[in-house]
Amino acid sequence: MVTTSGKWVRLLIAAVLLAIGAVLVVGGAELLTLGGSSYYFAAGLACVMSSGLLARGNRWGLLVYAAMLAFTVLWSFWEVGAQFWQLLPRLAGPTVIGLLLALPQIRRRLTPVTDAGTRWGLGSVVCLAALVLLGTFLTVPVFDVSSDRTMALSAPSPAGAEWTDYGANVFGTRHSPAVQITPANAAKLEQAWSFETGDTKAKRPDIKSISFMATPLMVDDKVVFCSPTGKVFALDADTGKQIWLRDPHTRIGNAQMLNCRGVSYHADPAATGICAKRILSMTVDGRFLASDLATGTPCPDFGKNGTVNLDEGLGDVDPFRSYTSSPPVIVGNTAILGAYVRDNYTKDDPSGVVRAFDVKTGMLLWAWDSGRPDDAPPLKQGEKWTRGSVNAWTAFSADPTLGLVYVPTGNATPDHVGTHRSPMLERYASSLVALDVTTGRVRWSFQTVHHDLWDYDLPAQSSIVDLALNGRKSAALIVPTKRGEIFVLDRATGKPLTPVEERPVPRGTLPGERYSPTQPYPTGFASFAPPPLTEAEMWGATPLDQMWCRIRFRSLDYKGMFTPPSERGMLQWPGTFGILNWGSVSIDPQRQLMIVNSAAIPQEVRLFRHGAKTDRPAMAKDSHAPGYLPQYGTNYGVSLLPMLSPLGIPCEAPPWGKLAAVDLRTGRIAWSRTFGTSADTAPFGVAVPGAFNLGGSATTAGGVTFIGAAMDNYLRAFDTATGKELWKGRLPAGGQATPITYVSRKSGRQYVVIAAGGHAYMRTKPGDAIVAFSLSSSTQR
C-alpha cells in the first residue's frame, strides 16, 4: 500500500519526468523538422508515457523508462562509439534518474505492485549504463599518437643563454640552447621569484579591458617587458627585483583591449654610453619609444626625447582603435612594425601601413601601404596612407642574409563583407608578404585565403628553419594559420615546398559580393584543421542542452570551413580565434621537431542588412567581444557569438585543446595529446581535459618544452621528444602568454619566466604577475 507521503513522491517524480519529456518532445519535433535526429522526440514521448503511468502507480512506468534508457545506450554507441566525453551528456543524466527510480525506497513509493521484471529490469539497465560510462572513462586517451623517440642531450649551454627577441631570435623559433633543465629533473622545478606590475582592473579603475600576455626579453641579466598600459620594466634575472621602470603615462581612453605583447632590443657594438643598448616599445596612444637598457632613460637621439609619433600620415585617427601591440622586428639598424586595426567596425579605419624606422634616430626609412601600387613614390607633404588597407598586427620574422622581413597580413576591414574591397585591397590580404628590409618593396607574397570573409588572417609570426623534408634540403618558412593549416614556403621565393592545391568551396548569394570559387589547401605536411562538424558532435552537459546545440547546428548554414556569411546565419568552424593564433609554433632544430598547440570553438556569424527590421544582439563592447558590430560603409552589420549551450558550455565536444609535435623530416605528426583542463574556469571546477588555449611554447636544447596558454592557471613542462608531461607549476592568474627560458650569467641558473595576467575574452583569472621558476639549488648541485 502506498502512503500519503509515497503519493507525493510519486507525483513529484512524475511531474519531473513530464517536464523533461515535454521539453524533449517540443525540441525534438523542431529538430526533426530541421532534418535532425529523431532520438530526442522518441525519448521525450517515452518520458511522458512513463510519467503518466507512474502518476497512476502503474509499474509499467518503470519498465518504459528502463526501455528508454536501454535504447539510449544503444543509440549513443551507434552514434558516437566508445567516446567517454561524447557518451557523458547522453547517458549521465538519464542514468542518474534511472538510479533514483531503481532505489528500493523510491520504487516502493512509486508502485504498490512489483515483480521480478520491475525489481531487476530497470536496475540492470542502470548498471549497464553506469558500466559503459565507467569503462569508457577509464580508457580516455591522452595521446592520439604516441612516440618512443629518444634523443641524446646536447653539450652544456653557454653561460648566459639569453632571449633577445620576441621569438627568441629574428627567426621566430622560440628555442633556447639552455640544457640545465632536462626531462630527468624538470619535476623538481619550483618558483624562484615573482613580480607584480600594478596594472590590473582592481588597481586601475580606469581600465576597462586588459590582457597581460607579454613575452619578456632577457639581456645582460635583465628581464625586460612591457605592461598593457605601456610601462616598461627591467628586473634582475636572478631575483625579480625591479631595476628600472619607464612609465610613459599612456592615455588609456576607450582602447578596445589594453595589450602589449613585448619589446625589442638593439645593441650597437661600436657605440658607448647611454642607449648603446636600447629597448624599443609602443603605447596604445600611438607612441614609439626608445629606452636605455641599463637605466630606462629615454634615448635623446631617438625622435623627440626618445619618442616617435606613430599617428603621422594616418589622417583622422581614433587613437584607441588602431595601435601597435606587437614588438618590431629589428634587422641591422632597421626596426619594422605593423599595427592592429579594429575589426568589423567601418571600412574607413586607418591604414594598415607597415613602416620601418631607423633604430638610432627614429627617422622613417620606408613604408609599405598595401593599398598603393608597388612602385608608388613616398608620400608627399599632406598626403595620407590608404584608409582601410590591410594591416599586420602580429609579430614579424626576418632573414638578415636574404634581407627579407616576413609580414603576416589580415584582411581589409570590415572582415565579414567584401563588397567594398578593391582589387588593390585584396591582392595582399590574408597573405605572407616578404618585404625588402632596405627598401620596403615586395619581393614576393603568398595568399592563404582568397577574398577572406571569415577573418582568417595570418595571426602568427612565421618561423625560419632549414629543413631536410623527405630528404630534400630547403631554406624554409613555416607559416601557421587560423585555419589550422600550415604552409611551408621557400623563404627566398615564396614558392610552396609542400604541395598546395586549389579546392572548390561553396559560394554565397549576397548581392554585389564576390566569392572565390576555390581556396588553397596545403598537402604533404601536418594539418591541424579539424574535420567538418556534424550534428552528432554537438555537446552539452545534459541531453536537453545537447538537443539545443543540435537545433542551433541545424538552424545555421554550414558547408565546411568556408561557409559564406549569410543573413540566415552560419556556423563558422573554426571561429575567428582560429585553430592556431599569435602563440605560433616553437622549433627544436636538434630534434627536428615543431611544437604546436591548437584549439578551437565554433562560432555563430550572422549578417544584418542595414535598415532591415530584424532583431539583433546588443552592440559588442569591442571587435573581439560577443555581440553586434556595424561594419559601416557596407550594406551589412554582423553578429559574432560563440556557439554555447544554454548552460554556457561549448556546443563542440571536447577535447578543445591539444599539444602536438611535427617531425620536420617527414612533415608528419610525431605525437599528439590533450593539453590543459577547464578546472579553473568551469562550474564546480570540473576538469574537462583538453582546454581552449591561447599563447605559445618554448623549446630547449635540454629536451623540454614549456607552455602556459591553457585555461587552467599552470605553466607546464613536457618532454619534447615524447610529449610526456613532466611538471606543472601553479600560476597566480591565467598564463595566456609565451614563456621564455634563459641562463643567468651571474648565477649560472636556468630560469623559465611567464606573464600570468589572464585573458579578458577567455575569462581566465586576471592578474599582473611575472613569475619565474628554476631548479632548486640542491638539484643543481
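Residues numbered from 1 in each chain as written. Predicted model: local features only at pLDDT ≥ 70, side-chain atom pairs only at ≥ 80, totals over all residues. Heavy atoms only, no water.

### Details of the packing of aromatic side chains
For clarity, the threshold we go by: Ring pairs shown here join Phe, Tyr and Trp side chains whose ring centres sit within 6.5 Å, with only the six-membered ring taken for Trp; geometry is labelled stacked below 30 degrees between planes, edge-to-face above 60, and tilted in between. Labels follow the DSSP assignment, with helices taken as runs of H or I lasting at least four residues and strands as runs of E lasting at least two, numbered in each case from the N terminus. Accessible area is worked out with a 1.4 Å probe on protein chains only. A residue is then buried under 20% of its type maximum, exposed over 50%, and partly exposed in between.
Tallied over the entire structure, the rule returns 28 aromatic pairs. Measuring from centroid to centroid gives 6.1 Å for Tyr456 and Phe562, while their planes differ by 85°, and the two rings are edge-to-face. Taken together, the positions of Tyr456 in the loop between β21 (442-447) and β22 (463-469) and Phe562 in the loop between α8 (543-555) and β27 (570-572) put the pair 106 residues apart, joining distant regions of the chain. The exposure class of Tyr456 is buried, given its relative accessible area of 1%.

### Structural notes on unusual backbone geometry
Look at the link from Thr413 to Pro414: it is a cis peptide, with omega at -10°. Summarising the element assignment, Pro414 is placed in the loop between β19 (404-408) and α7 (423-426). In this structure, the amide linkage connecting Pro654 to the following residue, Pro655, adopts the cis form with an omega of 5°. Even without glycine at this site, Asp221 takes up a positive phi of about 60°. Relative accessible area serves as the criterion here: at 13%, Asp221 is assigned to the buried category.

### Re a nonpolar patch on the surface
As a reminder of what qualifies: Here, patches come from residues exposed beyond 30% relative accessible area and free of salt bridges, joined within 9 Å for like charges and within 5 Å for nonpolar side chains (Val, Leu, Ile, Met, Phe, Trp, Tyr). Values of accessible area rely on a 1.4 Å probe in the Shrake-Rupley scheme; residue burial ignores everything except the protein chains shown. Throughout this description, the term salt bridge denotes a Lys or Arg side-chain nitrogen within 4 Å of a carboxyl oxygen of Asp or Glu.
A surface patch of nonpolar side chains, about 340 Å² in accessible area, is lined by Val96, Leu99, Leu100 and Leu103. Among the structural elements, Leu100 can be located in helix α4 (residues 84-102).

### Description of the sheet that holds strand β38 (residues 725-730)
Each strand in a sheet pairs with another by means of backbone hydrogen bonds, the pair being arranged parallel or else antiparallel. The condition is simple: One requirement defines pairing of two strands: DSSP has to find at least two bridges between them.
Strand order in the open sheet formed by 5 strands is β2-β35-β36-β37-β38, with mixed pairing between adjacent strands. Both outer strands of the open sheet, β2 (175-176) and β38, are each paired with one neighbouring strand and no more.

### Considering the packing of helix α3 (residues 60-80) against α4
How we decide: For helices, the axis comes from a line fit to the C-alpha atoms of the stretch in contact; other axes are also lines fit to C-alpha atoms, and the angle between any two N-to-C directions lies between 0 and 180 degrees. Reported orientations rely on four angle classes, namely roughly parallel under 35 degrees, roughly antiparallel over 145, roughly perpendicular from 65 to 115, and oblique for the rest. Should the near helix be turned anticlockwise from the far one by less than a right angle, the crossing is termed left-handed; should it be turned clockwise, right-handed. Here a residue-residue contact requires only that any non-hydrogen atoms of the pair lie within 4.5 Å. Throughout this entry, Asp, Glu, Lys and Arg are counted as charged residues, while Ala, Val, Leu, Ile, Met, Phe, Trp, Tyr, Cys and Pro are counted as nonpolar. The remaining residues, Gly among them, count as polar.
Orientation of α3 relative to α4, taken along the N-to-C sense of each, is 165°, at an axis distance of 10 Å. Looking at the two axes, α3 sits roughly antiparallel to α4. The element α3 and its partner α4 pack so that their crossing is left-handed. Contacts between α3 and α4 involve Leu62, Tyr65, Leu69, Thr72, Val73, Trp75, Ser76, Phe77, Glu79 and Val80 from the first element and Gln86, Leu87, Arg90, Leu91, Pro94, Thr95, Ile97, Gly98 and Leu101 from the second. Taken together, the residues of the contact of α3 with α4 break down into 12 nonpolar, 5 polar and 2 charged.

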